[in-house]
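Summary of the model geometry
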Amino acid sequence: MDAYYDAVRWLPEEISRPLQRLPEGQASLVTEIRLRSGRPLCAYVRQQEVVFSASGPLSKGDETALRLTQTLMTRCFLSLCRYSVHSHARALENGYLSLPGGHRVGISGSAFYLENGRLSVQNITSANLRIARPRLRPATAALCNILTSMENGTILAGEPGSGKTTLLRTAIYVLSEKGAQTAVVDERGELMPVGSEGFTFVPPLRCDVLSGYPKHIGMQHALRGLAPNVIVCDEVGSLDDITAIEQAANAGVKLLVSIHGGNYISLKRRPQFQALLKTGAFDKLVFLQGRTSPGEIKEVLNVADNL
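Moving on, we come to the side chain of aspartate 283. Note on placement: aspartate 283 falls in strand 15 (residues 282-288). Buried and without a salt bridge, aspartate 283 has lysine 284 as its closest oppositely charged side chain, separated by 4.6 Å. For aspartate 283, the contacting residues outside a window of four places in its chain are Glu151, Asn152, Gly153, Leu301, Asn302 and Val303.

Below, the discussion takes up the pairing of strand 13 (residues 230-233). The two faces of strand 13 match: Val230 and Val232 on one face and Ile231 and Cys233 on the other face are all buried. Pairing between strand 9 (residues 182-186) and strand 13: four bridges, direction parallel. Bridge assignment links valine 185 to a residue of strand 13, and that residue is cysteine 233. In the sheet, strand 13 pairs with strand 14 (residues 254-260) via four bridges, with the strands oriented parallel. Within strand 14, the residue paired with isoleucine 231 across the bridge is leucine 255.

Right, let's get into the layout of surface pockets. As a volume, the second largest pocket reaches approximately 400 Å³. In terms of lining residues, the second largest pocket is bounded by 21 residues, among which Ser98, Glu187, Arg188, Gly189 and Ser211 are the most central. The set of elements that each furnish at least two residues to the lining of the second largest pocket consists of helix 5 (89-93), strand 5 (96-98) and strand 10 (194-195). The residue makeup of the lining of the second largest pocket, split by class, is six nonpolar, 10 polar and five charged.

In this section: the sheet that holds strand 16 (residues 297-302). Pairing in this open sheet of seven strands is mixed, and the strands run 12-9-13-14-8-15-16 from one edge to the other. In this open sheet, the two strands that pair with only one neighbour each are strand 12 (207-211) and strand 16. Going from strand to strand, the sheet's axes swing by 20° on average, the running direction of each strand aside. Alignment of strand 9 against strand 12, held across five bridges, turns out to be parallel. In the sheet register, threonine 182 faces strand 12, and the bridge partner there is cysteine 207. On the sheet, helix 6 (residues 141-148) packs against strand 8 (153-158), strand 14, strand 15 and strand 16 and is oriented at approximately 25° with respect to strand 16. Contacts between helix 8 (residues 215-225) and the sheet are confined to strand 9, strand 12, strand 13 and strand 14, with strand 13 contributing the most and set at about 165° to the helix.

Before going further, it helps to examine unusual backbone geometry. One non-glycine residue with positive phi stands out, namely tyrosine 83, at about 55°. Tracing the sequence through the fold places tyrosine 83 in the loop between helix 4 (70-80) and helix 5. Phi at asparagine 123 takes a positive value of approximately 50°, unusual for a residue other than glycine. Residue placement: asparagine 123 occurs in strand 7 (residues 119-130).

What follows covers helix 8. Taken together, the buried positions of helix 8 are Lys215, His216, Gly218, Met219 and Ala222. Each buried residue of helix 8 sits inside an arc of 165° when the element is viewed along its axis, so together they form one side. The exposed set on the far side of helix 8, more than 90 degrees from its buried face, consists of Arg224 and Gly225. Turning to helix 8, the residues buried within the fold contact strand 9, strand 12, strand 13, helix 9 (239-250) and strand 14. Alanine 227 sits one or two positions beyond helix 8 and adopts a positive phi of about 45°.

Let us look at the pattern of salt bridges. The full count for this structure, using the stated rule, is nine salt bridges. Residues arginine 34 and glutamate 32 are paired through a salt bridge, measuring 3.1 Å at the closest nitrogen-oxygen approach. Glutamate 32 sits in the buried class, given a relative accessible area of 11%. A single network of salt bridges, built from pairs that share partners, joins Arg104, Arg188, Glu190 and Glu235.

All right, on to helix 2 (residues 13-20) then. Along helix 2, the residues that are buried comprise Ile15, Ser16, Pro18 and Leu19. One side of helix 2 holds all its buried residues, which, seen down the axis, span an arc of 170°. For helix 2, the secondary structure elements touched by its buried residues are helix 1 (3-8), strand 1 (30-36), strand 3 (48-53), strand 4 (56-57) and helix 4.

Another point: the nonpolar core. In terms of nonpolar packing, the biggest core is built from 37 residues, with Tyr4, Ile15, Leu19, Ile33, Leu35, Leu41 and Ile107 touching the most fellow members. Elements with a contribution of two residues or more to this core: helix 1, helix 2, strand 1, strand 2 (42-45), strand 3, helix 4, strand 6 (104-113) and strand 7. When neighbours within four sequence positions are excluded, leucine 35 is seen to be in contact with Leu11, Ile15, Leu41, Leu68, Met73, Cys76, Thr125, Ser126 and Ala127. Ranked by size, the runner-up nonpolar core spans 29 residues in total, among them Ala183, Val236, Ile245 and Leu276.

Rules of the game
Residues numbered from 1 in each chain as written. Predicted model: local features only at pLDDT ≥ 70, side-chain atom pairs only at ≥ 80, totals over all residues. Heavy atoms only, no water. Helix = DSSP H or I, 4+ residues; strand = E, 2+ residues; numbered from the N terminus. Buried < 20%, exposed > 50% of the residue type's maximum accessible area, 1.4 Å probe, protein only. Lys, Arg positive; Asp, Glu negative; His and termini not counted. Salt bridge = Lys/Arg side-chain N within 4 Å of Asp/Glu carboxyl O. Contact = heavy atoms within 4.5 Å. Pairing = 2+ DSSP bridges. 1 Å grid on protein atoms, 1.4 Å probe; cavity = no way out; pocket = protein on both sides within 12 Å on 5 of 7 lines; lining within 4 Å. Points joined across faces, edges and corners; volume = space filled by probe spheres on them. Nonpolar A, V, L, I, M, F, W, Y, C, P; charged D, E, K, R; others polar. Axes fitted to C-alpha atoms, helices over the stretch in contact; angles between N-to-C directions. Arc of directions from axis to C-beta. Core = buried A, V, L, I, M, F, W, Y, C linked by side-chain atoms within 4.5 Å.

What follows is the structure, encoded as structure tokens:
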């Protein structure tokens, strides 16, 4: 089963049924499904928008498009939470939900604070279901060269939707094949998703997965008990993450991490990025092409030459 069909089954039947009628050839290329209150149901196939009616994808126009009422949006949200909103409180505080299979759902609505002071959301008005696939493309020569020559750490940078998670996942397989003991700190359950019945797809041989751990805690646990050669994390940036990265580097462990940023000029303005560089943990900075070519490498910079 393609990951697309696996993802849409978590939606209510009146939404999942038309989505399941997308032909396999297109379904295998879907990157995200957009649900918005009062607007048509649509999916994106390599940045091309496909609008759906109640009976399936439309060839043109949206006159008969299936528009999501606020009531239906609420049903979608509850279904995506598996009717247990409280069990997703921590993820919702950060604006997303994780589904089995590594799919992630970005959520927007009305923010409010719980009695314990934590942020939550109600009156859900939008959900962006991003499809996760094990490996969308084989490892390129460029990626293999980067990983083979890793003397220190590497940062993957790209805009949202540029394939950072996809490339990290491919890199994990390459690292294992090259003999590296790799610890994957998978806070959002996207890199190597695992459920009650085990992994959604089997990780490589030399790979340990810390799923659901906050990144800084997962890195500390990996250092204490798993003796990794490389630690892999997605979307780092908090002060706690940076402290843990510095500790790992001081222990002689290499790091492969991702960060949001489309180019060096925008990245160097961010205090989190400057703090990452000051750890001394990284010697390479890899930029991805962008949304139109997810997972493809645009350029590789030496950190020392760009400080």
